[in-house]
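Close look at the chain arrangement
So you can see what is in the structure, the chains are spelled out below.
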Amino acid sequence: GEDVEQSLFLSVREGDSSVINCTYTDSSSTYLYWYKQEPGAGLQLLTYIFSNMDMKQDQRLTVLLNKKDKHLSLRIADTQTGDSAIYFCAVLGNDMRFGAGTRLTVKP
Amino acid sequence: ETGVTQTPRHLVMGMTNKKSLKCEQHLGHNAMYWYKQSAKKPLELMFVYNFKEQTENNSVPSRFSPECPNSSHLFLHLHTLQPEDSALYLCASSQEYGRGAKDEKLFFGSGTQLSVL
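Quick summary incoming for the structure in this document. All values derive from a computational prediction rather than experimental measurement.

Quick word on the sheet that holds strand β1 (residues 4-7) of chain B
Residues and elements named next belong to chain B. Spatial ordering of the open sheet is given by β1-β3-β8-β7, a layout of 4 strands whose pairing is antiparallel. Two strands bound the open sheet, and with one partner strand each, they are β1 and β7 (64-70). This sheet shows a mean twist of 20° between the axes of neighbouring strands, independent of strand direction. Where β1 lies against strand β3 (residues 18-25), 4 bridges are found, and the strand directions are antiparallel.

If you want it as structure tokens, here you go:
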């Protein structure tokens, strides 16, 4: 099946930028999503990008898509302790595939 | 509040028990999903219902039995589970599902944390 891969952990200091990376294999992908999961909660949609775009910015969030390399990233500017969570990449191709999630830890 | 409510939040059951998970969505969506979330693994899609019809069953063991009586409610009936079935079970909904869907932004419930002893 098609795969979506993410590194499992990322640790940054408060105020720094965080970059969470995702690679995928499905070349028929149309929409790509970032979801956030806080402790004890379900996944919450943060942002998404259509495959004919290469960048989308939404306040502190910047999504970059390199369709040739099948690489998606999420940049969080001025990372805060409240950003600590698990971030999931999801790719809609023939079906929806999720990565295993990247646990972001923000240190004061 | 995402508009998707799951009950119970936590469930502990023995291997011989029968229990049910419930999901309700208040978003007017037409598609509902069951996902299994295990630590350090990608979310696993279990079942999809689109307009109350089951459209996906991703090789899920028969000890898991879904039911979708209407577009707003989804159940997952559990019986004779195994310890490896312990996980967080997430319900989600979207406006539509399948080829031709404009997108499938998913709205998730908070999940049921299941422990099988």
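Quick notes on the state of the cysteines
A covalent bond between the sulfur atoms of two cysteines is what we call a disulfide. Within the structure shown, the criterion is met by 2 disulfides over all chains. The disulfide that involves Cys22 of chain A links it to Cys89 of chain A, with 2.0 Å between the sulfurs. Note on the Cys22 of chain A and Cys89 of chain A pair: the S-S dihedral is about -65°, so by sign convention the disulfide is left-handed. A residue pair is termed long-range when its members are at least 10 positions apart, and Cys22 of chain A in strand β3 (residues 18-24) and Cys89 of chain A in strand β9 (residues 85-92) qualify at 67 residues. For the pair Cys22 of chain A and Cys89 of chain A, one class covers both residues: buried. Here Cys23 of chain B pairs with Cys91 of chain B through a disulfide, and the sulfurs are 1.9 Å apart. Here Cys23 of chain B and Cys91 of chain B share a disulfide; its torsion about the S-S bond, -75°, makes the bridge left-handed. Taken together, the residues Cys23 of chain B in strand β3 and Cys91 of chain B in strand β9 (residues 87-94) connect sequence positions 68 residues apart.

Scoring rules and cut-offs
- Residues numbered from 1 in each chain as written.
- Chains lettered and ligands numbered in written order.
- Predicted model: local features only at pLDDT ≥ 70, side-chain atom pairs only at ≥ 80, totals over all residues.
- Heavy atoms only, no water.
- Pairing = 2+ DSSP bridges.
- Helix = DSSP H or I, 4+ residues; strand = E, 2+ residues; numbered from the N terminus.
- Axes fitted to C-alpha atoms, helices over the stretch in contact; angles between N-to-C directions.
- Disulfide = S-S within 2.5 Å.
- Buried < 20%, exposed > 50% of the residue type's maximum accessible area, 1.4 Å probe, protein only.

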